[in-house]
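Take a look at the letters that make up each chain.
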Amino acid sequence: MLVDPSHWSGRRVLVTGDTGFKGAWLSLWLQELGAEVTGLALPAEDHSLYTQLGLKELITHTDVDIRDQDAVDHAILSAAPQTVFHLAAQPIVRLSYDEPRETFATNVQGTVNVLDACRRVQGLKAIVAITSDKCYENREWIWPYRENDPVGGHDPYSASKGAAELVVASYQSSFFHTEEAPLLASVRAGNVIGGGDWASDRLVPDIIRALAAEETVVIRSPQAVRPWQHVLEALGGYLLIAQGLAEGDRKFASPWNFGPSSQDSSPVLHIVERLLSLWGGGNFEIKGDQTKHEAHTLKLDCSKAHSQLGWRPAFTLSDTLEWIVDWHKAYAKGDDMRAVSRRQLQQYRALMDKALTEGTEL
Ligand SMILES: NC(=O)c1ccc[n+]([C@@H]2O[C@H](COP(=O)([O-])OP(=O)(O)OC[C@H]3O[C@@H](n4cnc5c(N)ncnc54)[C@H](O)[C@@H]3O)[C@@H](O)[C@H]2O)c1
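This next bit is on the pairing of strand β9 (residues 225–230). By the criterion of burial, β9 is predominantly enclosed, with six of the six residues buried. Alternating positions in β9 separate into two faces, V225, P227 and Q229 on one and R226, W228 and H230 on the other, with burial throughout. As paired strands, β9 and strand β11 (residues 265–267) are joined by three bridges and run antiparallel to one another. In the sheet register, V225 faces β11, and the bridge partner there is P267.

Shown next as structure tokens:
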């Protein structure tokens, strides 16, 4: 199975969280495929990928807080989507310690509001709910997590994503199981990185900001292991799942992990050293912070996506880090970032098709 432009051309697609990092890349990709994209999220920040891509000119966007049920109902029923990608969330672990109530309200009740509105949309075929690799009850073991491992979460963000998984499972079995209902899947990607992420308290954006400002990069947990992957790898997986759901294949209506090859689950220190070397300079220092617990080891088992979907990473971690530095160097030079991003997207689409067709294992 490949991402099929004929499936997407003219399709009405709703993306919640289009003003965020992943949502902006997904909206650009869908727009390139010919979909009619409606976005729904909090207003875009001035310094955001959404703005740098000029998405305002390419898609229809409505400012909606997903905690506001009436506003969500109105926006989703007006857009009448055939496919929904639900990405809107408060996604930062450390912020979730400062704002637990807002995090749970957005990530759990917000997901309920979006799914509930979807029950009333005529002609809706597919819903992909984006949760997280952090939805698993983390046991700090060396083995990767599989889709049938228990969900849980220590910090409020992880717990909210575990809870969002329970919401998805409940809506699946209670409302989206009948012949005429849309099919619903949840997707759990790894630590997604790429050009254009400007979030605070995230490793790669923090490093890029420090390098661009010629400041010392500060890292908290050099030995923490995460399943790093390029944003387009995860988004490609989401598109395939959405296609399968829209075609009515019930095997897709279940949870899916999308992560890197096992050797690309690397410690933070490796990411820092490699980014500094690709940037061509810079220093870092380690300042541990024990006040906010974060999981030490997190890996994903993607055997299900490999065997049942034919999905596999098209990229190594090394390629990913090179693309991030290329993107941010182009930004620093004042290049047209829509053109730069489209170029990366086109190159990635060719690599993805090749990896999926040849079944290459990195
Ligand atoms: N980036 C990662 O490494 C990663 C990894 C796994 C899962 N995820 C998940 O992917 C999704 C997108 O993450 P991202 O990295 O693009 O985050 P982001 O912070 O860049 O974007 C978040 C988006 O959600 C919107 N949003 C936040 N609160 C909202 C609210 N109350 N109402 C409406 N919209 C709201 C924002 O406006 C923005 O559009 C999230 O669900 C996140 O949990 C991200």
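What follows picks up the thread again.
The immediate surroundings of the ligand are formed by 26 residues, with T19, K22, Y157, K161 and R202 found nearest. Backbone polar atom of A89 to an oxygen atom of the ligand: 3.2 Å apart, as the coordinates give it. The separation between an oxygen atom of the ligand and a polar main-chain atom of V192 is 2.9 Å. Contact with the protein chains removes 90% of the 830 Å² of surface that the ligand exposes when unbound. Of all the secondary-structure elements, those providing two or more residues to the shell around the ligand are α2 (21–32), α7 (156–174) and β7 (191–193). Tallied by class, the residues present in the shell around the ligand amount to 13 nonpolar, eight polar and five charged.

What follows is about the sheet that holds strand β1 (residues 12–16). Overall, parallel pairing links the seven strands, which are arranged β3-β2-β1-β4-β5-β6-β10 in an open sheet. A strand with exactly one partner marks an edge of an open sheet, and here the two such strands are β3 (60–63) and β10 (255–258). Taken over all neighbouring pairs, the strand axes of this sheet differ in orientation by 20° on average, direction set aside. As paired elements, β1 and strand β2 (residues 36–41) share five bridges and run parallel to each other. In the strand pairing of β2, V13 is matched with V37. Helix α6 (residues 100–118) rests against β1, β4 (83–86), β5 (126–130) and β6 (183–189) of the sheet, and its axis sits at about 175° to β4.

Backbone geometry at E140 places phi at a positive 55°, although glycine is not the residue there. Note on placement: E140 falls in the loop between β5 and α7. Positive phi is not limited to glycine here, since D201 has a value of about 65°. Note that D201 resides in the loop between β7 and α8 (203–212). On the basis of relative accessible area, D201 is assigned to the partly exposed category, the value being 34%.

Under the defined criterion, the tally for this structure stands at 14 salt bridges. Of the charged contacts in the structure, one is a salt bridge between D201 and R94, with a shortest N-O distance of 3.5 Å. Taken together, the positions of D201 in the loop between β7 and α8 and R94 in helix α5 (residues 93–98) put the pair 107 residues apart, joining distant regions of the chain. Residue R188 is joined to E165 by a salt bridge in which the shortest nitrogen-to-oxygen separation is 2.8 Å. Placement of R188 in strand β6 and of E165 in helix α7 is noted, with a sequence separation of 23 residues between them.

Bringing the packing of helix α10 (residues 268–279) against helix α12 (residues 317–333) into the picture now. Following both chains from N to C, one finds α10 and α12 inclined at 50°, their axes separated by 10 Å at the closest point. With respect to each other, α10 and α12 are oriented oblique. The two elements α10 and α12 cross, and the hand of that crossing is right-handed. Where α10 abuts α12, its residues H270, I271, R274, L275, L278 and W279 lie against L317, S318, L321, E322, V325, H328 and K329. Split into classes, the residues belonging to the contact of α10 with α12 amount to seven nonpolar, three polar and three charged.

Once that is clear, we can look at the nonpolar core. For soluble globular proteins, nonpolar side chains are generally found buried alongside one another. Grouped together as the largest cluster of nonpolar side chains are 65 residues, with contacts concentrated most on W29, L30, F85 and I241. Those residues in contact with I241, other than ones at most four positions away along the chain, are V128, A185, V187, F252, W256, F258 and L309. Listed in part, the 26 residues of the second largest apolar core include V72, V114, C118 and L184.

Conventions and cut-offs
Residues numbered from 1 in each chain as written. Predicted model: local features only at pLDDT ≥ 70, side-chain atom pairs only at ≥ 80, totals over all residues. Heavy atoms only, no water. Buried < 20%, exposed > 50% of the residue type's maximum accessible area, 1.4 Å probe, protein only. Helix = DSSP H or I, 4+ residues; strand = E, 2+ residues; numbered from the N terminus. Pairing = 2+ DSSP bridges. Near = heavy atom within 4 Å. Polar contact = N/O pair within 3.5 Å; in protein donor to acceptor, adjacent residues only side chain to side chain. Areas by Shrake-Rupley, 256 points an atom, 1.4 Å probe, with all protein chains shown as cover. Nonpolar A, V, L, I, M, F, W, Y, C, P; charged D, E, K, R; others polar. Axes fitted to C-alpha atoms, helices over the stretch in contact; angles between N-to-C directions. Contact = heavy atoms within 4.5 Å. Salt bridge = Lys/Arg side-chain N within 4 Å of Asp/Glu carboxyl O. Parallel < 35°, antiparallel > 145°, perpendicular 65-115°, else oblique. Left-handed = near helix turned anticlockwise from the far one by under 90°. Core = buried A, V, L, I, M, F, W, Y, C linked by side-chain atoms within 4.5 Å.

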